[in-house]
Amino acid sequence: MKRSNSRPASVRALTPPPSDTEADAWRAVLAAVQAADLPQLPAPSRVEVAGRIQVAPARGRAALWAAGDGAAGMLGVAGLLLFSDEKNRHTAFLDVLAVHPEARRQGLGTALWDRVREALLADGRTSVATVVDLGGPGQAFAESLGFTQALPMAWYVQDVTTREREGGQVPQTPGYTLLCWPGLVPDAWAAAAATAHGSMDDAPSGDTDEQTETWTAGRLHAAQQLILDRGGAITTVAAVTAQGEVAAYTELVLPDPDGPRALQYDTVVVPAHRGRGLGRAVKLRMLAEATARHPGLRTIATTVADANTPMRTVNEALGYRRERGAAVFQLTL
């Protein structure tokens, strides 16, 4: 994989959707980066990587670039999400910018960033955010470009194989029924679930520039359908009332349904229903559902903002441990 320093590698935009060959090369770069920087994590699967770059996003337009040359193939990758909703037409999210460990310090990262920055300015964006692991090469590179921390957080992980030691049966929830919805939330509950999503407006967001978009049944289904279209699996567990309200919910996503690691997406308890143990109840029910539906599942990972003390407390009680620090970094252009 080592390459000559005699000439710089070129950066080219990938025509959407990238080919299977390009997806395989993209995955090889990410796998090498992860093996070097985060060896404790499982390698990204082909299902996850191909789905992410070959299926168009629901919230905007993706732009993808690859750095490399004919002799060495793909050496670096960059992916940008340009939001399309009116509240966020001014900003964007840098999903990935990674360089193969054996090709670092040769200007490839800078060359990729130059193309990303050109695209941002050409599209009238005034800021861009990304999520960076703290203490690694990603943080140093981001800071060298002028990115600053906007929202400190951390990755937390739960070992589902030790669930029995957590000592918790799913608690009783008087006045509420726990429902489980694999795939899309049923139409009959989609509007109520979208309303509950809006309760996340009070979650810590730090100094991030991205604005909260109003949740509707259509937006909820579009976000969930994207996960399915990309080859993943999503399950929602909700605590509902007899009046048809979604009082609390939690979402679990497996980017690869056969993979060993799942991602805990949103967990929300509507303010009027807080203090009744619903957050713990929906998470424990989800844990039971996940281990039954996905026997190969080993860990569940999630990010929680440092300022979100209530959620960190719930997660700690369920056996989550802090895995590594991270932050949303942001740059004003």
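## A closer look at the overall build of the protein chain
Item 1. When its secondary structure is counted, the protein chain shows eight helices and 12 strands.
Item 2. Projecting the C-alpha coordinates of the protein chain onto the three principal axes gives extents of approximately 70 × 40 × 35 Å.
Item 3. When contacts within the protein chain are restricted to residue pairs at least 6 apart in sequence, those whose partners lie at least 24 apart make up 74%.
Item 4. Of the accessible surface of the protein chain, which amounts to about 15,600 Å², a share of 52% is contributed by carbon and sulfur atoms.
Item 5. For the protein chain, the distance from the average site of its 32 positive side-chain charges to the average site of its 35 negative ones is 3 Å.

## Re the packing of aromatic side chains
Item 1. Here the structure, examined in full by the defined rule, presents two aromatic pairs.
Item 2. Between Trp113 and Phe147 the ring centres are 5.6 Å apart and the planes differ by 65 degrees, which places this aromatic pair in the edge-to-face class. Taken together, the positions of Trp113 in helix H3 (residues 108–122) and Phe147 in the loop between helix H4 (137–145) and strand E6 (148–159) put the pair 34 residues apart, joining distant regions of the chain.
Item 3. Looking at Phe147, the relative accessible area reads 4%, which means it is buried.

## Some thoughts on unusual backbone geometry
Item 1. The residue after Pro16, namely Pro17, is reached through a cis peptide bond having omega -10 degrees.
Item 2. Along the chain, the position of Pro17 falls in the loop between strand E1 (10–13) and helix H1 (20–37).
Item 3. At Arg105, a residue that is not glycine, the phi angle is positive and equals roughly 60 degrees.
Item 4. In this fold, Arg105 is placed in the loop between strand E4 (92–99) and H3.

## Quick word on the nonpolar core
Item 1. If you look at the biggest cluster of nonpolar residues, it comprises 28 residues, and the most contacted ones within it are Ala239, Leu252, Leu297 and Ile300.
Item 2. Mapped by element, the contributors of at least two residues to this core are E6, strand E7 (177–182), strand E8 (233–240), strand E9 (246–254), strand E10 (261–269), helix H7 (278–293) and strand E11 (299–305).
Item 3. No other element matches H7, which puts seven residues into this core.
Item 4. In contact with Leu297, not counting residues within four places along its chain, are Val160, Leu254, Gly259, Pro260, Arg261, Ala262 and Ala290.
Item 5. With 24 residues, the next largest nonpolar core counts Ala67, Leu75, Leu108 and Ala327 among its residues.

## Side note on the confidence of the model for the protein chain
Item 1. Taken as a whole, the protein chain shows an average pLDDT of 92; of its residues, 93% reach a score of 70 or greater.
Item 2. Confidence drops under pLDDT 50 across residues 1–7; counting only partners more than four residues distant or on other chains, this segment forms 15 contacts.

## Notes on the pattern of salt bridges
Item 1. One pass over the full model with this rule turns up 17 salt bridges.
Item 2. One salt bridge in this structure joins Asp24 and Arg46, with 2.5 Å as the shortest N-O distance. Taken as a pair, Asp24 in helix H1 and Arg46 in helix H2 (residues 46–54) lie far apart in primary sequence, 22 residues in all.
Item 3. By relative accessible area, which is 37% here, Asp24 ends up partly exposed.
Item 4. Salt bridges sharing common partners tie together Arg61, Arg89, Asp123 and Arg125.

## Looking at the side chain of Asn315
Item 1. Tracing the chain through its elements places Asn315 in helix H8 (residues 309–317).
Item 2. Judged by relative accessible area, which is 2%, Asn315 ranks as buried.
Item 3. Looking at Asn315, its side chain comes within polar contact range of the side chain of Lys283, at 2.3 Å.

## As for the packing of H1 against H2
Item 1. Between H1 and H2, whose axes approach to 9 Å, the crossing angle comes to 120 degrees. For the element pair H1 / H2, the angle class is oblique. The way H1 lies across H2 gives a crossing that is right-handed. In this structure, H1 uses Asp20, Ala23, Asp24, Trp26, Arg27 and Leu30 to contact H2, whose residues at the interface are Arg46, Val49, Ala50, Ile53 and Gln54.
Item 2. Broken down by class, the residue content of the contact of H1 with H2 amounts to six nonpolar, one polar and four charged.

## Examining the packing of H7 against H8
Item 1. At a closest axis distance of 10 Å, the pairing of H7 and H8 adopts a crossing angle of 45 degrees. Taken together, H7 and H8 sit at an angle that is classed as oblique. Along this stretch, H7 crosses H8, giving a crossing that reads as right-handed. Within the contact between the two elements, H7 uses Gly279, Arg280 and Lys283 and H8 uses Met311, Val314 and Asn315.
Item 2. In terms of residue class, the contact of H7 with H8 is built from two nonpolar, two polar and two charged.

## Overview of the environment of Glu251
Item 1. By the element assignment, Glu251 lies in strand E9.
Item 2. On the basis of relative accessibility, which here comes to 5%, the residue Glu251 falls in the buried class.
Item 3. Remark: the alpha-carbon pair of Glu251 and Val237, spanning 14 residues in sequence, is separated by 6.6 Å.
Item 4. When sequence neighbours within four positions are dropped, the list of residues in contact with Glu251 reads His197, Leu220, Gln224, Ile234, Thr235, Thr236, Leu263, Gln264, Tyr265, Asp266 and Met286.

Rules used in this analysis
Residues numbered from 1 in each chain as written. Predicted model: local features only at pLDDT ≥ 70, side-chain atom pairs only at ≥ 80, totals over all residues. Heavy atoms only, no water. Helix = DSSP H or I, 4+ residues; strand = E, 2+ residues; numbered from the N terminus. Contact = heavy atoms within 4.5 Å. Areas by Shrake-Rupley, 256 points an atom, 1.4 Å probe, with all protein chains shown as cover. Lys, Arg positive; Asp, Glu negative; His and termini not counted. Charge placed at Lys NZ, Arg CZ, Asp CG, Glu CD. Phe/Tyr/Trp six-rings, centres within 6.5 Å; stacked < 30°, edge-to-face > 60°. Buried < 20%, exposed > 50% of the residue type's maximum accessible area, 1.4 Å probe, protein only. Core = buried A, V, L, I, M, F, W, Y, C linked by side-chain atoms within 4.5 Å. pLDDT = per-residue confidence, 0-100. Salt bridge = Lys/Arg side-chain N within 4 Å of Asp/Glu carboxyl O. Polar contact = N/O pair within 3.5 Å; in protein donor to acceptor, adjacent residues only side chain to side chain. Axes fitted to C-alpha atoms, helices over the stretch in contact; angles between N-to-C directions. Parallel < 35°, antiparallel > 145°, perpendicular 65-115°, else oblique. Left-handed = near helix turned anticlockwise from the far one by under 90°. Nonpolar A, V, L, I, M, F, W, Y, C, P; charged D, E, K, R; others polar.

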